[in-house]
Amino acid sequence: MTGRVEIFEVGPRDGLQNEAREISVAQKIAFVDCLSRAGFSRIEVASFVSRKWVPQMAGSAEVLAGITRAPGVRYAALAPNMRGYDEARAAGADEIAIFASASEGFSKANINATVGESIERFKPILKAARHIDLPVRGYISCVTDCPFDGPTAPARVADLADTLFSLGCYEISLGDTIGQATPDSIVKMLLAVRDRVPVGRLAGHYHDTAGRALANIDASLSLGVRVFDAAAGGLGGCPYAPGASGNVATEAVAAHLERLGYDTGLDMAVLEEAASMARALREA
Ligand code: HMG
Ligand code: MG
């Protein structure tokens with residue numbers, strides 16, 4: 001295999017948001033600054049959500065203010081509503097991520113809204129962002145399995161991906177939130193989504209709870225997906241998805257892709273440094 005595969009680093013957001021112990025803004029900044037030297041084009045570093053819901057992300061504006069921005073890197077932030085969007089903009093985020101769920105149970109647990117209500121909340125964000133040419137990425141959670149509702153029908157994911165893409169998201173990141181997907185369920189889901197959104201605008205966001213993330217990445221590669229989200233050190237999970245420990249580790253994905261012959265553009269030595277930092281943050 002040849003060609004470029006991009007890893008979108010989400011460790012400072014999806015990785016750290018689930019950590020119960022307090023991680024200082026200075027530690028987060030040092031982690032991001034290390035990642036900035038590794039060769040990523042996009043790093044998710046912040047989340048402008050309710051601090052009651054996700055206390056760990058409370059210092060997001062300070063993180064964005066304190067990092068040393070590397071040329072060519074876009075620093076992304078999550079926003080669940082207009083308030084989050086305004087705060088992310090004011091803090092200087094280079095791109096915004098909105099996040100919806102393919103299942104009602106997770107939508108309610110994560111953002112206290114139905115899927116339909118969440119789309120209504122995202123519309124003004126997409127409109128405002130379009131006005132100033134700010135890229136917006138759309139996440140879909142529970143693309144194969146939901147911790148509350150069970151298996152997710154591929155058609156639901158395809159409908160939602162189509163909606164988010166039509167509303168202006170430049171890329172749709174497909175989340176196996178609880179790491180229960182299999183290559184088979186990923187293929188079924190991707191075949192449905194690929195019919196509605198160009199595969200070049202899709203990303204795989206696979207948690208590694210059951211140890212199948214790399215196999216799910218392989219299945220996605222075979223269908224043409226060339227962007228994968230991962231977190232250095234395998235940090236993470238979602239506080240509102242029971243059992244959703246561990247994003248797939250960036251260093252494992254990068255090594256796997258390089259073994260397959262793909263180019264990730266990443267500096268493996270710097271990546272290992274970032275992974276050690278991430279592990280130390282978890283263990284300290
Ligand atoms: P709510 O309680 O329904 O709404 O929360 P609310 O309007 O009553 O707000 C509650 C409090 O939050 C209020 O404060 C608001 O002012 C405040 P109070 O008056 O009680 O002091 N608030 C905010 N504060 C800061 N920033 C904001 C904001 N909005 C309201 N933007 C809400 C609704 C959406 C706010 C809440 O449910 C929430 O913040 N949820 C976020 C949960 C979250 O961050 N989950 C993790 C990210 S998603 C994920 O990890 C999955 C992903 O990785 C993909 C995958 O793996 O599947 C992306
Ligand atoms: Mg996630």
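Below or above, wherever it landed, is the structure these notes cover. (Residues numbered from 1 in each chain as written. Chains lettered and ligands numbered in written order. Predicted model: local features only at pLDDT ≥ 70, side-chain atom pairs only at ≥ 80, totals over all residues. Heavy atoms only, no water.)

**Let's talk about the packing of aromatic side chains**
Part 1 of the argument: Counted by the stated rule, this structure contains one aromatic pair.
Part 2 of the argument: A centroid spacing of 6.4 Å and a plane angle of 50° characterise the contact between Y206 and F228, whose relative ring orientation is tilted. In this pair, Y206 is assigned in strand β9 (residues 202-206) and F228 in strand β10 (residues 227-230), connecting sequence segments 22 residues apart.
Part 3 of the argument: Judged by its relative accessible area of 0%, F228 is buried.
Part 4 of the argument: Geometry around Y139 places R137 over its ring, the cationic atom sitting 5.5 Å from the centre. (Phe/Tyr/Trp six-rings, centres within 6.5 Å; stacked < 30°, edge-to-face > 60°. Helix = DSSP H or I, 4+ residues; strand = E, 2+ residues; numbered from the N terminus. Buried < 20%, exposed > 50% of the residue type's maximum accessible area, 1.4 Å probe, protein only. Lys NZ or Arg CZ within 6 Å of the ring centre and 35° of its normal.)

**Focus: the pairing of strand β5 (residues 136-141)**
Part 1 of the argument: Across the six residues that make up β5, a large majority, six, are buried.
Part 2 of the argument: Both faces of β5 are covered, namely the face carrying V136, G138 and I140 and the face carrying R137, Y139 and S141.
Part 3 of the argument: For strand β4 (residues 95-101) and β5, the ladder comprises six bridges, and the chain directions are parallel. Bridge pairing in β5 places A97 opposite R137. (Pairing = 2+ DSSP bridges.)

**Considering the site of ligand 1**
Part 1 of the argument: Ligand 1 sits among 26 residues. The nearest are Q17, K52, N112, S141 and T177.
Part 2 of the argument: Take N110: an N or O atom from its side chain is 2.8 Å from a nitrogen atom of ligand 1.
Part 3 of the argument: N112 is positioned such that a nitrogen or oxygen atom in its side chain is 2.7 Å from an oxygen atom of ligand 1.
Part 4 of the argument: Coverage of ligand 1 by the protein amounts to 77% of the 1,100 Å² it exposes when considered alone.
Part 5 of the argument: For ligand 1, the cavity whose grid points lie within 2 Å of the majority of its atoms is the largest pocket.
Part 6 of the argument: Listed by contribution, the elements that provide at least two residues to the shell around ligand 1 are α1 (11-15), α4 (82-90), α5 (104-111) and β5. (Near = heavy atom within 4 Å. Polar contact = N/O pair within 3.5 Å; in protein donor to acceptor, adjacent residues only side chain to side chain. Areas by Shrake-Rupley, 256 points an atom, 1.4 Å probe, with all protein chains shown as cover. 1 Å grid on protein atoms, 1.4 Å probe; cavity = no way out; pocket = protein on both sides within 12 Å on 5 of 7 lines; lining within 4 Å. Sits in = over half its atoms within 2 Å of the grid points.)

**Here we look at helix α7 (residues 154-167)**
Part 1 of the argument: Over its 14 residues, α7 extends 20 Å from the first C-alpha to the last, a length consistent with the 20 Å expected when each residue adds 1.5 Å.
Part 2 of the argument: Burial in α7 covers these residues: V157, A158, L160, A161 and L164.
Part 3 of the argument: The inward-facing, buried residues of α7 contact β4, α6 (115-131), β5, β8 (171-176) and α8 (183-194).
Part 4 of the argument: A positive backbone phi angle near 125° is found at G168, which sits one or two residues after α7. (Expected span 1.5 Å × (residues − 1). Contact = heavy atoms within 4.5 Å.)

**Side note on the coordination of the magnesium ion (ligand 2)**
Part 1 of the argument: Distances from the magnesium ion (ligand 2) to its protein donors, D14 (OD), H205 (NE2) and H207 (NE2), fall at 2.1 to 2.3 Å.
Part 2 of the argument: Counting along the primary sequence, the residues that act as donors to the magnesium ion (ligand 2) give the motif D-x190-H-x1-H. Of this pair, D14 sits in helix α1 while H207 sits in the loop between β9 and α9 (213-222), placing them 193 residues apart in sequence. Comparing D14 with H207, the two get one shared label, buried. (Donors = N, O, S within 2.8 Å, 3.2 Å for Na, K, Ca; no water.)

**Here we look at the environment of L126**
Part 1 of the argument: Its location among the elements puts L126 in helix α6.
Part 2 of the argument: What L126 contacts, discounting residues up to four positions off in sequence, is I98, V136, L167, G168 and C169.

**Some words on the packing of α9 against helix α10 (residues 250-260)**
Axis angle and axis distance: for two packed helices, these are the angle between their axes and the distance between the axes, and together they describe the pair.
Part 1 of the argument: Running from amino to carboxyl end, α9 crosses α10 at an angle of 45°, the nearest separation of the two axes being 11 Å. Classified by the angle their axes make, α9 and α10 are oblique. As α9 packs across α10, the resulting crossing turns out to be right-handed. Touching L214, I217, D218 and L221 of α9 are A252, V253, H256, L257 and L260, all from α10.
Part 2 of the argument: Here the contact of α9 with α10 is built from residues that sort into seven nonpolar, one polar and one charged. (Axes fitted to C-alpha atoms, helices over the stretch in contact; angles between N-to-C directions. Parallel < 35°, antiparallel > 145°, perpendicular 65-115°, else oblique. Left-handed = near helix turned anticlockwise from the far one by under 90°. Nonpolar A, V, L, I, M, F, W, Y, C, P; charged D, E, K, R; others polar.)

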